[in-house]
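For reference, the chains in residue letters:
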Amino acid sequence: MRGRDVIAQALAASGYIADADLATAISLMQLLRRPLLLEGEAGVGKTEVAKALAKIHATELIRLQCYEGLDQSSALYEWNYQRQLLAIQAHRGADSIEDQVFSEKYLLERPLLAAIRRSKAPVLLIDEIDRADDEFEAFLLELLSDFQISIPELGTIAAVTIPHVVLTSNGTRELSDALRRRCLYHYVDYPDVDREARIILARIAGASPSLSLQIARMVEGVRKEELRKVPGVAETLDWAAALVGLDISDLRDAPETVHETLICLLKTHEDRARVTPEVTQRLLGRVA
């Protein structure tokens, strides 16, 4: 598929190494102008997809971080009540002041409104949609269908451009069938050894091909241990940067340093205690 190959090359040039399935999903997302839902464990690079897309299109990335209790005003728009109050006090008695204070001048854009009012289509990242409430998900579904917003004081605002929409989910709750039907879908898994080595090479200056491959193999082994929090790609890159900074060129030559720097990968007390020096040595034996 030519479109997939073009996307994969463009992503690689921006520093994101995608597998064929993800490149296909992004290619179809752009062809069909549909939102793309990326699901997977935390740390596998879902958010980075949106950042890479913004680089590819040389456009703005607008991010809506979802959380429990997120409401429409926080996601859409709010009125600048302080400025409105000052204007009312300054023009007390004026008949037209009510119309004036509910004008564009006093409107505060939030991510969803901002995304449909840009002259150049931005990338809209709706991050961790599974953390938002069902009610907000239903509202979002309506917006993604029409790409227009109704503001009682101003009327209906239709999209100037249709943004490139990426939604991410860590799977903390089940999303509605309606939202899933509205979006294209791709599950983002941890990268295999070869792809993670390529990611390290692309993102960490000074990392040699052999060291990158050793790190990727070591991380693969760590992920197979019974951990409370499995390290993601971001942790891999932190560890690779630390090893390069310490002038480590071969993991097998510095087992103590390798073990000590695993704090870059292991983020809980239980996991740190589980990966003992003996475990580290066992994993290093599989790196060659």
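Here the structure is shown first, and the text comes after it.
Residues numbered from 1 in each chain as written. Predicted model: local features only at pLDDT ≥ 70, side-chain atom pairs only at ≥ 80, totals over all residues. Heavy atoms only, no water.

Outline the sheet that holds strand S9 (residues 184-187), supporting the account with residue identities and numerical values.
The strand order across the open sheet formed by five strands is S2-S5-S8-S1-S9, and the pairing between neighbours is parallel. What marks the edges here is a single partner per strand, and that holds for strand S2 (61-65) and S9. Averaged over all pairs of adjacent strands, the angle between strand axes in this sheet comes to 20°, irrespective of strand direction. With four bridges joining them, strand S1 (residues 36-39) and strand S8 (residues 164-169) adopt parallel strand pairing. For Glu 39, the partnering residue across the bridge sits in S8 and is Ser 169. With respect to the sheet, helix H2 (residues 20-32) is in contact with S1, S8 and S9, its orientation differing from that of S9 by roughly 165°. Docked against the sheet, helix H3 (residues 46-56) engages S1, S2, strand S5 (123-127) and S8, running at close to 170° with respect to S5. (Pairing = 2+ DSSP bridges. Helix = DSSP H or I, 4+ residues; strand = E, 2+ residues; numbered from the N terminus. Axes fitted to C-alpha atoms, helices over the stretch in contact; angles between N-to-C directions. Contact = heavy atoms within 4.5 Å.)

Explain the nonpolar core residue by residue, including any values.
Counting residues in each nonpolar core, the largest one holds 33 residues, and the members touching the most others are Leu 112, Ile 126, Ile 129, Phe 136, Leu 140 and Leu 167. Going through the elements one at a time, S2, strand S3 (77-79), helix H7 (111-116), S5, helix H8 (134-146), strand S6 (148-151) and S8 are the ones with two or more residues in this core. Dropping the residues within four chain positions of it, Leu 167 is found in contact with Pro 35, Leu 36, Leu 37, Leu 38, Ile 126, Ile 129, Leu 140, Leu 144, Leu 179 and Cys 183. The next biggest cluster of nonpolar side chains, apart from the first, holds 30 residues, and it includes Ile 204, Met 218, Val 219 and Leu 283. (Core = buried A, V, L, I, M, F, W, Y, C linked by side-chain atoms within 4.5 Å. Buried < 20%, exposed > 50% of the residue type's maximum accessible area, 1.4 Å probe, protein only.)

Please provide a residue-by-residue account of the layout of surface pockets, values included.
In this structure, the largest pocket occupies an estimated 460 Å³ of space. Lining of the largest pocket is provided by 25 residues; of these, Gly 43, Gly 45, Lys 46, Thr 47 and Glu 48 occupy positions nearest its centre. Among the secondary structure elements, those contributing two or more residues to the lining of the largest pocket are H3, helix H10 (193-203) and helix H12 (233-245). With four residues, H3 is the largest single contributor of residues to the lining of the largest pocket. Computed from the structure, the second largest pocket encloses a volume of approximately 180 Å³. Lining the second largest pocket we find Gln 72, Leu 76, Phe 139, Glu 142, Leu 143, Asp 146, Gln 148, Ile 149, Ser 150 and Thr 156. Elements represented by at least two residues in the lining of the second largest pocket include exactly H8 and S6. Residue composition of the lining of the second largest pocket, grouped by class: four nonpolar, four polar and two charged. (1 Å grid on protein atoms, 1.4 Å probe; cavity = no way out; pocket = protein on both sides within 12 Å on 5 of 7 lines; lining within 4 Å. Points joined across faces, edges and corners; volume = space filled by probe spheres on them. Nonpolar A, V, L, I, M, F, W, Y, C, P; charged D, E, K, R; others polar.)

Quick one: what's the story with the pattern of salt bridges, residue by residue and with numbers?
Throughout the structure, instances matching the rule amount to 18 salt bridges. In this structure, Asp 19 and Arg 195 form a salt bridge, with 3.8 Å as the shortest nitrogen-oxygen distance. You can see Asp 19 sitting in the loop between helix H1 (2-13) and H2 and its partner Arg 195 sitting in helix H10, a full 176 residues away along the chain. Classification of Asp 19 by relative accessible area gives partly exposed; the value is 27%. Across the pair Arg 63 and Asp 127 runs a salt bridge, and its minimum N-O distance is 2.5 Å. With Arg 63 in strand S2 and Asp 127 in strand S5, this residue pair connects regions lying 64 residues apart in the sequence. By relative accessible area, which is 40% here, Arg 63 ends up partly exposed. (Salt bridge = Lys/Arg side-chain N within 4 Å of Asp/Glu carboxyl O.)

Any chance you could break down unusual backbone geometry for me, citing the residues and the numbers?
For Ala 58, which is not a glycine, the phi torsion comes out positive at approximately 50°. Mapped onto the elements of the fold, Ala 58 is located in the loop between H3 and S2.

Before we move on, could you go through H3 and cite the residues and values that matter?
Those residues of H3 that fall on the buried side of the exposure criterion are Lys 46, Thr 47, Val 49, Ala 50, Ala 52, Leu 53 and Ala 54. Backbone geometry just downstream of H3 places Ala 58 in the positive-phi region, at approximately 50°.

Any details on the pairing of strand S7 (residues 155-158)? Residues and values, ideally.
Successive residues of a regular strand alternate their side chains across the two faces of the sheet. Here four bridges tie S6 to S7, and the two strands are oriented antiparallel to one another. Paired with Ile 149 across the two strands is Ile 157, which belongs to S7. Hairpin connection, S6 to S7: the antiparallel pair is bridged by three residues.

Talk me through a nonpolar patch on the surface; I want residue IDs and the actual numbers.
A grouping of Leu 28, Leu 31 and Leu 32 is seen on the molecular surface, where their side chains present a nonpolar patch of about 290 Å² in accessible area. Take Leu 32: it is sitting in helix H2. A relative accessible area of 47% means that Leu 32 is categorised as partly exposed. (Patch = residues over 30% accessible without salt bridge, like charges linked within 9 Å, V, L, I, M, F, W, Y side chains within 5 Å. Areas by Shrake-Rupley, 256 points an atom, 1.4 Å probe, with all protein chains shown as cover.)

Talk me through the pairing of S8; I want residue IDs and the actual numbers.
In terms of burial, S8 is a largely internal element, six of the six residues being buried. The alternating pattern of S8 places His 164, Val 166 and Thr 168 on one face and Val 165, Leu 167 and Ser 169 on the opposite face, and all of these are buried. Bridging between S5 and S8 involves four bridges; their strand directions are parallel. Looking across to S8, one finds that Val 123 is bridged to His 164.

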